[in-house]
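Architecture at a glance
One-letter residues, chain by chain:
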Amino acid sequence: MLINDLNFEESLSPTISRRSINNRSILKIQSSLCEAAISLHGGHLLQFKPAGEKDIIWLSNKAIYSPEKAIRGGIPVCWPWFGTIGSPSHGFARISPWQLMNWQENEEAIVIKLGLSASEQTKAIWPHEFSATLTFRLSASLKTTLAVTNTGAIPWRWSGALHSYFQIAEATETSITGAGKDYIDSLQSGNKCESTGDLLINQSIDRVYTAPDESIVIHDKGNQRRLSIRNTGSNAAVIWNPWDEISKGMADMDDDGYKRMVCVESTNFADNLESGTLLSPEETHQLTTEISILPQ
Ligand code: TA6
C-alpha cells in the first residue's frame with residue numbers, strides 16, 4: 001500500500017483529512033510545512049516528510065493493516081512494556097484504537113492529540129487504570145510525546161518505546177553517532193558490551209544503548225543528510241536493523257527492506273515487567289522523541 005492510495009473520508013480542516021484503509025482511520029496532513037499520516041489504530045505515525053525533503057520515516061511496502069497486527073514501519077508506540085517481556089510483544093498500545101482528541105494549526109506547526117485509556121480490553125491484558133496521550137507536533141521537524149498517567153489507586157510499573165523507523169538511502173553507507181558506548185546486546189543473550197567508534201549499519205543489530213547522548217545523529221551518506229534524534233524521558237536508545245536473514249523471514253517486509261531502514265528508539269527499557277518505571281497514582285510520565293534534519 002502506498003500512503004497516497006488511501007480512501008478519502010472527510011476533511012477536518014484545509015490541511016487535515018480523515019482517510020482509511022481496511023476500515024482503519026488515517027489522518028493525512030498536507031500543509032506548506034510538511035506532509036504526514038497518522039493511523040488512529042495504534043496511534044501510529046506512518047509518514048513524515050518536511051516540505052521540499054525526502055521522507056524521513058520508513059514504512060514497509062508490505063506493511064499489514066489489520067487490527068491484530070502492528071504496522072511495520074512508522075513510529076509504533078510500544079507500551080506498557082517494551083519487547084517480549086509480556087504478551088503481546090511490545091505491549092497493546094500499538095494495536096489499540098486511539099481516539100482523536102483535538103488538533104490545532106498555525107503558521108508554525110500542526111499539533112494533533114490522540115488518547116487511549118483503560119478499558120475492558122486493556123484490563124484483560126494488563127489490569128491497571130491509565131490514561132495515555134500522544135501528541136504529534138508537525139512542522140519542519142517532528143516531535144512525538146507519549147504522556148502516560150496512572151489514574152488508578154495503586155502504583156504500577158511500565159516500560160516502552162517510541163520505536164521510530166528511519167528512511168535511509170543505503171544501510172551500508174549509514175553510521176550513527178551519539179548512541180554512547182555501553183549497550184546490552186539482544187543478539188548475544190543480553191550481554192553487556194562496550195562499543196568503540198561510530199556505529200556502522202552493516203550487520204544485524206539489536207542493541208539497547210544505556211547512556212546515549214542528548215542528540216543521536218544518523219549520518220545518511222546516500223541521501224546526503226544527517227538526521228538528529230533528541231529523546232527525553234527515556235533511559236535508553238534502542239538501535240535495530242534486522243539485516244538480511246531476519247528480513248526474509250518477515251511477512252511484512254521486503255527481503256531487501258533492511259537496506260533502507262534503521263530504528264532509533266526513545267526507550268524506557270526494563271528486563272522484566274516487575275522492574276519497569278514506577279508510576280504512582282495521579283503521576284504522569286512523558287516519553288518524547290524529536291526528529292529533524294540537520295543543516296549540511
Ligand atoms: O526494538 C527492537 C525490537 O525489539 C527487536 O528485537 C525486533 O524484534 C523489533 O523490535 C521488532 O519487533 P516487532 O514485534 O515489531 O516485530
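For the structure itself, consult the block above.
Residues numbered from 1 in each chain as written. Predicted model: local features only at pLDDT ≥ 70, side-chain atom pairs only at ≥ 80, totals over all residues. Heavy atoms only, no water.

Ranked by internal contacts, the top residues of the largest apolar core, which has 65 residues, are Trp-79, Leu-138, Leu-146 and Phe-166. Counting residues per element, this core draws most heavily on strand 9 (residues 130–138), which supplies five residues. Once you skip the residues sitting within four places of it in the chain, Phe-166 turns out to touch Ile-56, Ile-57, Trp-58, Ile-218, Leu-227, Ile-229, Arg-260, Met-261, Val-262, Val-264 and Ile-291. Core analysis: the second largest hydrophobic core is formed by nine residues, Leu-6, Ala-37, Leu-59 and Ala-63 among them. (Core = buried A, V, L, I, M, F, W, Y, C linked by side-chain atoms within 4.5 Å. Buried < 20%, exposed > 50% of the residue type's maximum accessible area, 1.4 Å probe, protein only. Helix = DSSP H or I, 4+ residues; strand = E, 2+ residues; numbered from the N terminus. Contact = heavy atoms within 4.5 Å.)

Bridge count for strand 19 (residues 215–220) against strand 20 (residues 225–232) is six bridges, and the pairing is antiparallel. Directly across from Ile-218, in strand 20, lies its bridge partner Leu-227. In textbook terms, the turn of a hairpin is the stretch between consecutive antiparallel strands, and for strand 19 and strand 20 this stretch comprises four residues, one of which, Gln-224, has a positive phi near 50°. Where strand 20 and strand 24 (residues 284–294) come together, seven bridges link them in antiparallel fashion. Bridge pairing links Thr-232 to Thr-288 in strand 24. (Pairing = 2+ DSSP bridges.)

Attention shifts here to the site of the ligand. Taken together, Arg-72, Phe-82, Ser-89, His-90, Arg-94, His-163, Asp-206, Val-238, Trp-240 and Glu-265 form the complete shell of residues around the ligand. Note that an oxygen atom of the ligand is positioned 3.1 Å from one of the side-chain N or O atoms of His-90. Burial of the ligand by the protein amounts to 75% of the accessible area it has alone, namely 390 Å². Judged by its atoms lying within 2 Å of the grid points, the ligand is housed in the largest pocket. Partitioned by chemical class, the residues of the shell around the ligand number three nonpolar, three polar and four charged. (Near = heavy atom within 4 Å. Polar contact = N/O pair within 3.5 Å; in protein donor to acceptor, adjacent residues only side chain to side chain. Areas by Shrake-Rupley, 256 points an atom, 1.4 Å probe, with all protein chains shown as cover. 1 Å grid on protein atoms, 1.4 Å probe; cavity = no way out; pocket = protein on both sides within 12 Å on 5 of 7 lines; lining within 4 Å. Sits in = over half its atoms within 2 Å of the grid points. Nonpolar A, V, L, I, M, F, W, Y, C, P; charged D, E, K, R; others polar.)

By the bridge criterion, four bridges tie strand 15 (residues 182–185) to strand 16 (residues 191–194) in an arrangement that is antiparallel. Bridge pairing links Tyr-183 to Cys-193 in strand 16. Two successive antiparallel strands, strand 15 and strand 16, enclose a turn made up of five residues, where Ser-189 displays a positive phi of approximately 50°. Pairing analysis gives three bridges linking strand 15 to strand 18 (residues 205–209), with the strands arranged antiparallel. Among the inter-strand pairings, Ile-184 is bridged to a residue of strand 18, identified as Val-208.

Relative to the helices and strands, Ser-39 resides in strand 4 (residues 34–39). Judged by its relative accessible area of 0%, Ser-39 falls in the buried class. Among the polar contacts made by the side chain of Ser-39, one reaches the side chain of Arg-24 at a distance of 3.3 Å. Here Ser-39 is in contact with Arg-24, Ser-25, Ile-26, His-44, Leu-46 and Ile-71, once residues within four sequence places are set aside.

Overall, antiparallel pairing links the five strands, which are arranged 1-2-3-4-5 in an open sheet. Both edges of this open sheet fall to strand 1 (7–11) and strand 5 (44–50), since each of them pairs with a single strand only. Ignoring which end each strand starts from, the neighbouring axes of this sheet average 20° apart. Relative to strand 4, strand 3 (residues 24–30) runs antiparallel, the two being bridged by five bridges. Residue Ile-29 lies in a different strand from strand 4, and its bridge partner there is Ala-36. (Axes fitted to C-alpha atoms, helices over the stretch in contact; angles between N-to-C directions.)

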